[in-house]
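Below, each chain spelled out in residue letters.
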Amino acid sequence: ESAPSEPSVASHQSHASHLVSTVMRPSKAVARTVAITVAAVVGMSLSACGSAEDNPRRVVDRFMHALAARDVKGAAAQTGSPDVASTAIAEMWAGLDAEKLDYSTGKVRLSVDNALADVTYTWHLPGKREWRYTAQVAASRGDSGWSVRWMPTNLHPELGADQRLKFRTLEAPRAEVNESDGSRVMVNGTVVGISFDAKAALRAGVEPLDSLTGALEALARFNPKVNVQSVVETATATGKPYSLIRLSHSDFDQIRDRLAIPGIVATDQAELLPVEPGFAPALLAQVRRVVEGQTAGTPGWRVDVVNPNGVTAGILDDHAPKPSPAVTLTLSRAVQAAAQRAVNGAGRKAAMVVIQPSTGNILAIAQNKAADVDGLIATNGLYPPGSTFKMVTASAAVRANLAHPSSIVPCPGEIQIGSRLIPNYDKFSLGSVPLLGAFAQSCNTTFAHLASQMGPSDLAYQAAAMGLGGVYDIPGLANVSGSVPIAPDIVARSEDGFGQGKVLVSPFGLAMVPATIAHGSPPVPTFIRGRTTKVTGPWPTVDPKIYDQVKPMMRAVVTEGTGTVVNGLGPIFAKTGEAEFAGGSHAWFAGYRGDLAFATLIVGGGDSTHAVGVTRDFFNSLPPNYGMYSRP
């Protein structure tokens, strides 16, 4: 409701006229004197009251202008209680941690010697946040004129005496990382971040170099890789703490006392932590680096009214945080756990990758601790594929109409191609046999001969059509599939034909080959649901009927050939491989069963039967009939 306004200029004029009408006019001179006197009275009255509404507005505007300029003393000086106002204004700026204040003054209501001005405050808070509200700034007129009548409600209508405003950031809970079977694999947790603050060391009277050296001695067992002089110079120049290392709480507790050094700061920091340390540890370390920044969500914020004891008395504005949606990996806990158990029993460095042919989902990426020292070899390690590459050579031979499963081909113990004498394992000989038999028994001489009859790019083309050699930008997963060079030289091409030339593959890349055979075309590998893989490089298309002729050959490997160790574990289609290198050989086994395509590697594992044995353990660890179904 509007308060009664002060007497208007018109009422002053009416009162003056009444004075004139009632004055005796004994003479013109007297009348002139009276008129001049009345005019002076009217003029004085107009000067005092004609700007009655403007004066409180001006003092309110002066107050708000100083407040918006962070001129605490200047704003307080516009009030009748500058000491109390100064404290409240300073606390408001500090409590809101504001970057800027905009304001607009609206309607001014007058009531004799008091006024209330509507003022809209627009605070620009941290993080580009904006808080707007309307308060009424009180003004009053005293002997010395108008001034702001100090009241806490001048700053906010719900601010009481001895209270202050407090801006708070509300952290959003980090999203969890789940696997495709629905369980959590990484959750929001905390680690201890250790940092070096050169300024803090100097304030304590300690040389920064001495402080950092002492800390690194305590941290030596964790091997933080830092250049001492460089860190000291950087921290001193920037004046900001320099991050040294992040430790688990249990590790930090062991050296807590030794890190009680001036300039060494320990703080809890949010981090995605594995639910089970044994679940794909090397893989999840990579996943954390990639997705951690995408799981933070959007922080919320709030403005509280706080009592002198720091307790929140009310909430003035509240914006809830928005958590990021959970990240779901395509990994299957059942498949990953089975693969991990299998490679853990290998004895040597071992890795296994499992891909779902129908979707391209990567279901397992497992390797043992011995392999972990070389990084994530399951997706990034490159090795010669040995005879597993015969899946590519056989497909290329069928596509070129050089041979088919029933075609009779030579399998001598040795074959001379150019300057190279190529032998079978232990120089075994099968004579002339169907291609299916040569594939099942892994005749090097047969496939070297077939490759020698192909064009320089035929193997590279067929490999690309089966997913080898392409570049896969898989969100959340660094990888390399392999390389199959064009081979104009007949000897090099013949060696490539049985996987002992310049061909290199990773377990991930090799798993794409049987996945392609099972699917009819190379599936696009995916690691995080909802995030698309970008494929660049060669990606030719061939008739999927080619693979219908390769499948019976792969099945014969298991039923009557070099992979009989897994016979009886369902309809497995596969190929063994032993890839020689200077000083030893790698053991490989790759294939598919139902909707599970796999590649198993034992680095330096020798005979391929060792890789077949690891794969047998994998299938035995799966739930009964997992991923198995009939295919045409």
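The coordinates are above.
So, how was this worked out
- Residues numbered from 1 in each chain as written.
- Predicted model: local features only at pLDDT ≥ 70, side-chain atom pairs only at ≥ 80, totals over all residues.
- Heavy atoms only, no water.
- Helix = DSSP H or I, 4+ residues; strand = E, 2+ residues; numbered from the N terminus.
- Rg over C-alpha atoms; globule rule 2.2 N^0.38 Å.
- Buried < 20%, exposed > 50% of the residue type's maximum accessible area, 1.4 Å probe, protein only.
- Contact = heavy atoms within 4.5 Å.
- Areas by Shrake-Rupley, 256 points an atom, 1.4 Å probe, with all protein chains shown as cover.
- Lys, Arg positive; Asp, Glu negative; His and termini not counted.
- Charge placed at Lys NZ, Arg CZ, Asp CG, Glu CD.
- 1 Å grid on protein atoms, 1.4 Å probe; cavity = no way out; pocket = protein on both sides within 12 Å on 5 of 7 lines; lining within 4 Å.
- Points joined across faces, edges and corners; volume = space filled by probe spheres on them.
- Nonpolar A, V, L, I, M, F, W, Y, C, P; charged D, E, K, R; others polar.
- Salt bridge = Lys/Arg side-chain N within 4 Å of Asp/Glu carboxyl O.
- Core = buried A, V, L, I, M, F, W, Y, C linked by side-chain atoms within 4.5 Å.

1. With respect to the overall build of the chain
Consideration 1: Tallying secondary structure elements over the chain gives 21 helices and 25 strands in all.
Consideration 2: Over its C-alpha atoms the chain spans a radius of gyration of 41 Å, topping by over 25% the 26 Å that the globule rule assigns to 632 residues.
Consideration 3: Dimensions of the chain, computed from C-alpha atoms along their principal axes, come out at roughly 155 × 60 × 45 Å.
Consideration 4: Taking all 632 residues of the chain together, the buried fraction comes to 48%.
Consideration 5: Taking as baseline every contact in the chain between residues at least 6 positions apart, the subset at least 24 positions apart corresponds to 68%.
Consideration 6: Carbon and sulfur atoms form 52% of the exposed surface of the chain, whose accessible area is close to 28200 Å².
Consideration 7: In the chain, which carries 54 positive and 53 negative side-chain charges, the distance between the mean positions of the two groups comes to 4 Å.

2. A look at empty space enclosed by the protein
Consideration 1: Counted under the stated rule, the structure contains one cavity of 30 Å³ or more.
Consideration 2: Together, Ala280, Pro281, Ala282, Leu283, Gln340, Ile365, Ala366, Gln367, Asp372 and Leu376 line the largest cavity.
Consideration 3: Breaking the lining of the largest cavity down by element, the ones donating at least two residues are helix 10 (281-291) and strand 14 (362-367).
Consideration 4: Split by residue class, the lining of the largest cavity holds seven nonpolar, two polar and one charged.

3. Regarding the pattern of salt bridges
Consideration 1: Under the definition given, this model contains 15 salt bridges.
Consideration 2: Here arginine 132 ties to glutamate 130 by a salt bridge, and the two come within 3.3 Å at their closest N and O atoms.
Consideration 3: In this structure, the salt-bridge partner of lysine 349 is aspartate 374, at a minimum N-O distance of 2.5 Å. Of this pair, lysine 349 sits in the loop between helix 11 (333-344) and strand 13 (350-355) while aspartate 374 sits in the loop between helix 12 (369-372) and helix 13 (377-380), placing them 25 residues apart in sequence.
Consideration 4: Salt bridges sharing common partners tie together Arg168, Arg302 and Asp304.

4. Describing the layout of surface pockets
In this approach the atoms are scanned with a rolling probe the size of a water molecule, which exposes any empty space left behind.
Consideration 1: The computed volume of the largest pocket comes to approximately 480 Å³.
Consideration 2: Mapped by element, the contributors of at least two residues to the lining of the largest pocket are strand 17 (420-423) and strand 23 (572-581).
Consideration 3: For the lining of the largest pocket, the leading source of residues is strand 23, giving five residues.
Consideration 4: Taken together, the residues of the lining of the largest pocket sort by class into five nonpolar, eleven polar and six charged.

5. With respect to the nonpolar core
Here is a general trend for soluble globular proteins: nonpolar side chains tend to be buried in one another's company.
Consideration 1: Within the largest apolar cluster, 80 residues are counted, with the highest numbers of intra-cluster contacts made by Leu283, Leu329, Ile517 and Phe527.
Consideration 2: No other element matches the eight residues that helix 19 (residues 507-519) contributes to this core.
Consideration 3: Once residues lying within four places of it in the same chain are set aside, the contact partners of phenylalanine 527 are Leu283, Val287, Thr328, Leu329, Thr330, Leu331, Ile362, Ile365, Ile474, Pro475, Gly476 and Leu477.
Consideration 4: Within the second largest apolar cluster, 40 residues are counted, among which are Ala75, Trp93, Ala115 and Ala135.

6. Let's talk about helix 10
Because each turn of an α-helix spans 3.6 residues, side chains separated by three or four positions end up pointing in the same direction.
Consideration 1: Residues of helix 10 that are buried include every one of Leu283, Leu284, Gln286, Val287, Arg288 and Val291, and no others.
Consideration 2: Tucked into the core, helix 10 has its buried residues touching strand 6 (177-178), strand 7 (184-196), strand 9 (264-274), strand 12 (327-328), strand 14 and helix 13.

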